[in-house]
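# Descriptive analysis of the structure
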Amino acid sequence: MSLSRMSGAINGGPQSPPTVLVFDSGVGGLSVCQSILSMCPGVRIIYVADNASFPYGTRSESYLRSRIVNVLSGLCEQHQPDMLVIACNTASTLVLADLRQLLCLPVVGVVPAIKPAAETTQTGAIGLLATSATVQRDYTDQLVADFAGHCDVIRVGSSRLVEIAEHYLRGHPVNEGELKAILADFFREGLARKVDKIVLGCTHFPLLKQQLESCAPRHVEWVDSGNAIANRVCSLFKEAGLSLDASHKVLHRIRFTGEAIANKQFHCQLALLGFDNVKIEGVII
Ligand code: DGL
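## A word on the environment of Ala184
Among the secondary structure elements, Ala184 is positioned in the loop between helix 8 (176-183) and strand 7 (197-200). Residue classification places Ala184 among the partly exposed positions, given a relative accessible area of 38%. Here the alpha-carbon distance between Ala184 and Pro217, two residues 33 residues apart in the chain, equals 8.9 Å.

In structure tokens:
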């Protein structure tokens, strides 16, 4: 699909920088924003967390289909972004095709990075750590069938880890015992081949990468989709002739469909992720 500027005026003024609307159920998609901000300097991000419906991983498919389509149709109408990034594996593996059909702008989805993990594993065994919904999706089965037929794929679904990441970004400590228990299946005795790559198939999980690393009983490589998505965003802007000006002082927006997170720790985390000038708003729908 071609990308074109629909309305500079609605989007923040005739000279507003190339704008991407990044969407997730909660704060997980901020891990994707970190890659976008570092690889596409000058981009403007409007981040929307649908926390009124959080967590997506325990919602029914029919609820999610209509919720996501409704919320995003309204948001695209309101903000007229140049591009939409569905920074949520649980949503992308379900509604990406519907959204691409419905919305008149490029839609980039985040799906578990099974392909790069399967292509580079040395042992022939990879792990998939995602929401319970994502590990069971037909879309995920298809990814495994298409790209990882030669591998053992150990799937672990965890809603708890999503909550832990949400709490962590609000400044709460992470309980290492819980993380070790969640990871245990990847390292259990008796696996025919040792897992050497673990796909972080939920955008919340890269936010905990350091803690996951330190809780793993041996070295593995953690594979997420953040940089691949940021690359795709940059090249779509380029194709469309929308140039990014790194010297432009950009005001980003972080919006919540429910109550906003507004504490100091969250602001510190945002700065670490690369947001240096940001407005936070809650209860937008
Ligand atoms: N961050 C989302 C993902 O990538 C899911 C979180 C949730 O369960 O709401 O799947």
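## A few points about the sheet that holds strand 2 (residues 44-49)
One open sheet accounts for 6 strands, arranged 4-3-1-2-9-10; its pairing is parallel. Unpaired on one side and paired on the other, strand 4 (107-109) and strand 10 (278-281) mark the two borders of the sheet. Across the sheet, the mean angle from the axis of one strand to that of its neighbour is 15°, orientation sign disregarded. Summarising the sheet, strand 9 (residues 252-256) and strand 10 pair through 4 bridges and their orientation is parallel. In the strand pairing of strand 10, Arg255 is matched with Glu281. The sheet contacts of helix 1 (residues 30-39) involve strand 1 (19-24), strand 2, strand 3 (83-86) and strand 9, and relative to strand 2 the element is tilted by about 175°.

## Remarks on the sheet that holds strand 7
Strand order across the open sheet formed by 4 strands is 6-5-7-8, with parallel pairing between neighbours. Lying at the two open borders of the sheet, with one neighbouring strand each, are strand 6 (152-157) and strand 8 (221-223). Direction aside, neighbouring strands of the sheet carry axes that sit 25° apart on average. Pairing between strand 7 and strand 8: 3 bridges, direction parallel. Of the residues in strand 8, the one forming a bridge with Ile198 is Trp222.

## Quick word on the side chain of Glu281
Tracing the chain through its elements places Glu281 in strand 10. A distance of 3.2 Å separates the side chain of Glu281 from the side chain of Arg255, its partner in a polar contact. Every residue in contact with Glu281, bar those within four places of it in the chain, is listed here: Arg253, Ile254, Arg255, Phe256 and Ala260.

## Observations concerning the packing of aromatic side chains
Under the counting rule described, the total for this entry stands at 2 aromatic pairs. Plain terms: the ring middles of Phe23 and Tyr56 are 6.4 Å apart, the flat faces sit at 45° to each other, and that makes the pair tilted. Here Phe23, found in strand 1, pairs with Tyr56, found in the loop between strand 2 and helix 2 (61-79); they are 33 residues apart in sequence, far enough to count as distant. Each member of the pair Phe23 and Tyr56 is classed as buried. The cationic tip of Arg59 hangs over the ring face of Tyr63; the distance from NZ or CZ to the ring centre is 4.7 Å.

## Quick word on the pattern of salt bridges
Note on pairing: side chains with opposite charge can pair once their charged atoms come close. Overall, the coordinates contain 13 salt bridges when judged by the stated rule. The partner of Asp50 in a salt bridge is Arg67, and the shortest N-O contact between them spans 2.5 Å. Separated by 17 residues along the polypeptide, Asp50 in the loop between strand 2 and helix 2 and Arg67 in helix 2 bring together distant segments of the chain. Across the pair, exposure class does not vary: Asp50 and Arg67 are buried alike. Across the salt bridge formed by Glu163 and Arg160, the nearest N and O atoms sit 2.8 Å from each other. Linking Glu163 with Arg160, this pair stays in helix 7 (residues 159-169), spanning 3 residues, or about one helical turn. Judged by relative accessible area, which is 33%, Glu163 ranks as partly exposed. It is possible to trace a salt-bridge network through shared partners that takes in Arg160, Glu163 and Glu178.

## Some thoughts on empty space enclosed by the protein
To locate leftover empty space, one rolls a probe as large as a water molecule over the atoms. For the structure on display, the rule yields 2 cavities of 30 Å³ or more. Taken together, 14 residues form the lining of the largest cavity, with Ser25, Thr90, Thr131, Cys202 and His204 sitting closest to its centre. The residue inventory of the lining of the largest cavity, partitioned by class, reads 6 nonpolar, 7 polar and 1 charged. Forming the boundary of the second largest cavity are Ser31, Val32, Asn89, Val110, Leu200, Cys202, Thr203, Pro206, Asp224, Ser225 and Gly226.

## Some points on the nonpolar core
Grouped together as the largest cluster of nonpolar side chains are 34 residues, with contacts concentrated most on Val22, Leu30, Ile36, Ile45, Val85 and Phe275. Residue contributions to this core peak at 6 residues, all from helix 10 (residues 226-239). What Phe275 contacts, discounting residues up to four positions off in sequence, is Leu30, Cys33, Leu37, Ile45, His252, Ile254 and Leu270. Formed by 25 residues, the second largest nonpolar core is a distinct cluster that contains Val195, Ile198, Cys215 and Val220.

## Points about the site of the ligand
Close to the ligand lie 14 residues, the nearest being Ser25, Tyr56, Gly57, Thr90 and His204. A distance of 2.8 Å separates an oxygen atom of the ligand from a polar atom in the backbone of Gly57. Take Thr203: an N or O atom from its main chain is 2.9 Å from an oxygen atom of the ligand. The site holding the ligand turns out to be the largest cavity.

Analysis parameters
- Residues numbered from 1 in each chain as written.
- Predicted model: local features only at pLDDT ≥ 70, side-chain atom pairs only at ≥ 80, totals over all residues.
- Heavy atoms only, no water.
- Helix = DSSP H or I, 4+ residues; strand = E, 2+ residues; numbered from the N terminus.
- Buried < 20%, exposed > 50% of the residue type's maximum accessible area, 1.4 Å probe, protein only.
- Pairing = 2+ DSSP bridges.
- Axes fitted to C-alpha atoms, helices over the stretch in contact; angles between N-to-C directions.
- Contact = heavy atoms within 4.5 Å.
- Polar contact = N/O pair within 3.5 Å; in protein donor to acceptor, adjacent residues only side chain to side chain.
- Phe/Tyr/Trp six-rings, centres within 6.5 Å; stacked < 30°, edge-to-face > 60°.
- Lys NZ or Arg CZ within 6 Å of the ring centre and 35° of its normal.
- Salt bridge = Lys/Arg side-chain N within 4 Å of Asp/Glu carboxyl O.
- 1 Å grid on protein atoms, 1.4 Å probe; cavity = no way out; pocket = protein on both sides within 12 Å on 5 of 7 lines; lining within 4 Å.
- Points joined across faces, edges and corners; volume = space filled by probe spheres on them.
- Nonpolar A, V, L, I, M, F, W, Y, C, P; charged D, E, K, R; others polar.
- Core = buried A, V, L, I, M, F, W, Y, C linked by side-chain atoms within 4.5 Å.
- Near = heavy atom within 4 Å.
- Sits in = over half its atoms within 2 Å of the grid points.

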